[in-house]
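Observations on the model geometry
In case you want the letters, here they are:
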Amino acid sequence: MPVTLYNTMERKLEEFIPIEDRQVRLYCCGPTVYNYAHVGNLRTYVFEDILRRTLEYYGYSVRHVMNVTDVGHLVGDGDDGEDKMEKTSKETGKSVYEIADFYADAFFADTADLNILTPTVACRATEHIDDMIALVKRLEERGHTYTAGGNVYFSIDTFPAYGRLARLDLEELRSGARIEVDSNKRNPKDFVLWFTRSKFGNQSMTWDSPWGVGYPGWHLECSAMSMRYLGEQFDIHCGGTDHIPVHHTNEIAQSEAATGKSPWVKYWMHAEFLLDESGKMSKSKGEFLTLSLLKKKGYDPMDFRYFCLGGHYRSQLQFSYRSLDAARTARLNMSSRVQELLAAGAEPVEVVALSDRAVELRADFIEQIGHDLNMPRALSTLWAILKDTVLSPSEKITLLYDIDKVLGLRIDKIPSLTDEELDEECASLIREREEARRAKNYSRADELRDILKTLGIEIKDTPSGTKWKKIL
Ligand code: AMP
Ligand code: ZN
């Protein structure tokens, strides 16, 4: 069965065929580490994780590269405003490197909490300045750059395909352009590749370059690092929808202009925004929505993951504590049903040994995830499995553990009910019965089983030990 994905470049669903047989090369724009990630950012990383897990489930090997932006991302996407890192540095009195380390660690702690798989390569912009300089040199050699006011610019008029991803109407943009803040630009949509004369006097992170001491533009970073680790053409590039009109548009222009190869990326995938109650999600307000804040309020990171899975990645999702509570309730409900299965002695079996009904449910799941990552439908299948009246507990557990390779809800970590939840009398009877069984005193073991039954506890002996469930 093929995987179908929505390609933003073509604005349609397409069958996914990687460039190189079973190997997928995937690049995801990573965080700018000047502050904590907000839960909107995290929604996008959950989507990318689901994409990777789906492809792996379908048997592809995925090389997943993500950058960490620790220089060059200005407050505005269009080369305006300060460098975000420098801004935090000034506000806190800490060095930009200290800030980058702190927030990069916080980001990876969040993603680990959300059971997001670690990228194959996570690369820092400040460690790839040479690659970026080499890319600007290539662009310069091919006539795509000009220098003005101390900065090196990409000239979009040298790249006729500019703006296709975002369907930009360049003529309209040019005629309707507001007065451009940067008068050095020949075209208002030109963008900086290399800042040699910082607009902000005391920029602390600078490197030597053929054009003078300076620092790279944000868009350049992603082109240079993705091509460094994935080659000059690769399969999938992801980010949030806000990246379509500027960041990804500029990445395409400079990458294809530098290599002369098109398409640079075969499939572009974008996650829609998570909105807060104000209608957007921002870090500028004092307290913004972070995973730590949700944890402080008593939520489990898996509640947030479950909440994200409840919406399709191409639809906007509205965050509210009510919706998060609903996700938590559903997840806890799922956990207690899983505990019942375990208490009934469910043990995973080989997928090949599944009944027709189980195979059918698994096929539904595979189809749904392969159809542009339809997680809301995949969650319905999870519930269909839990509520099925034909499947055995072991088949249910087998299916749940299997589909969780994609859902990532840590279903296999749901503990079986432990003795602590039993009253002392029953717990000691179960221990006594285990000893009797070990001593091969089966008549005593049976007697104890009957006593427990009268106390409302049913016992089942499984290869991994005694399981029990409440029956009254
Ligand atoms: P940033 O750290 O700002 O570069 O953003 C990291 C990722 O989060 C990017 O892929 C953005 O497109 C994405 N993003 C930003 N805001 C939101 C939001 N409210 N909802 C979903 N994704 C977002
Ligand atoms: Zn990027």
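1. Notes on the coordination of the zinc ion (ligand 2)
Around the zinc ion (ligand 2), the donor atoms from the protein are Cys29 (SG), Cys222 (SG), His247 (NE2) and Glu251 (OE), and they sit 2.0 to 2.6 Å away. Because the angles between the 4 donor atoms bound to the zinc ion (ligand 2) fall within 70 to 130°, the donor set is best described as irregular.

2. A few points about the sheet that holds strand β3 (residues 23–28)
Read across the open sheet, the 5 strands follow the order β5-β4-β3-β10-β11; overall the sheet is parallel. Sheet topology places β5 (121–124) and β11 (265–271) at the edges, where each strand pairs with a single neighbour. Each strand axis lies, on average, 20° off the axis of its neighbour in the sheet, ignoring direction. Bridge count between strand β10 (residues 234–240) and β11: 6 bridges; the pairing is parallel. Within β11, the position partnered with glycine 240 by the bridge is alanine 271.

3. Here's the deal with the side chain of aspartate 303
Mapping aspartate 303 onto the fold places it in helix α9 (residues 301–309). Each residue touching aspartate 303, except ones within four places of it in the same chain, is listed here: Leu324, Ala327, Arg328 and Arg331.

4. Considering the domain arrangement of the protein chain
By the assigned domains, the protein chain splits into domain 1 (4–271), domain 2 (291–413) and domain 3 (424–470). Look at where the C-alpha atoms of domain 2 and domain 3 centre, and you get two points 32 Å apart. Taken residue by residue, the interface counts 5 residues in domain 2 and 6 residues in domain 3. For the domain 2 and domain 3 pair, buried surface summed over both sides reaches about 460 Å², with 59% attributable to carbon and sulfur atoms. Ranking the residues of domain 2 by area buried against domain 3 places Ala343, Ala344 and Glu347 at the top, with a combined share of 72%. Counting across the domain 2 and domain 3 interface gives 0 salt bridges.

5. Examining the site of ligand 1
Near ligand 1 there are 17 residues, and of these Gly40, Thr44, Gly240, Asp242 and Leu274 occur at the shortest range. Interatomic distance of 3.1 Å between a side-chain N/O atom of asparagine 41 and an oxygen atom of ligand 1. Leucine 274 places a main-chain nitrogen or oxygen 2.9 Å from a nitrogen atom of ligand 1. For the shell around ligand 1, the elements supplying multiple residues, two or more each, are α1 (39–57) and β10. Considering each element in turn, the shell around ligand 1 owes the most residues, 4 residues, to α1. Here the residues of the shell around ligand 1 sort into 5 nonpolar, 10 polar and 2 charged.

Calculation notes
Residues numbered from 1 in each chain as written. Chains lettered and ligands numbered in written order. Predicted model: local features only at pLDDT ≥ 70, side-chain atom pairs only at ≥ 80, totals over all residues. Heavy atoms only, no water. Donors = N, O, S within 2.8 Å, 3.2 Å for Na, K, Ca; no water. Tetrahedral: all angles 85-135°; square planar, octahedral: opposite > 155°, others 65-115°. Pairing = 2+ DSSP bridges. Helix = DSSP H or I, 4+ residues; strand = E, 2+ residues; numbered from the N terminus. Axes fitted to C-alpha atoms, helices over the stretch in contact; angles between N-to-C directions. Contact = heavy atoms within 4.5 Å. Domains from an automatic or database assignment. Buried area = accessible area lost by both parts, 1.4 Å probe. Salt bridge = Lys/Arg side-chain N within 4 Å of Asp/Glu carboxyl O. Near = heavy atom within 4 Å. Polar contact = N/O pair within 3.5 Å; in protein donor to acceptor, adjacent residues only side chain to side chain. Nonpolar A, V, L, I, M, F, W, Y, C, P; charged D, E, K, R; others polar.

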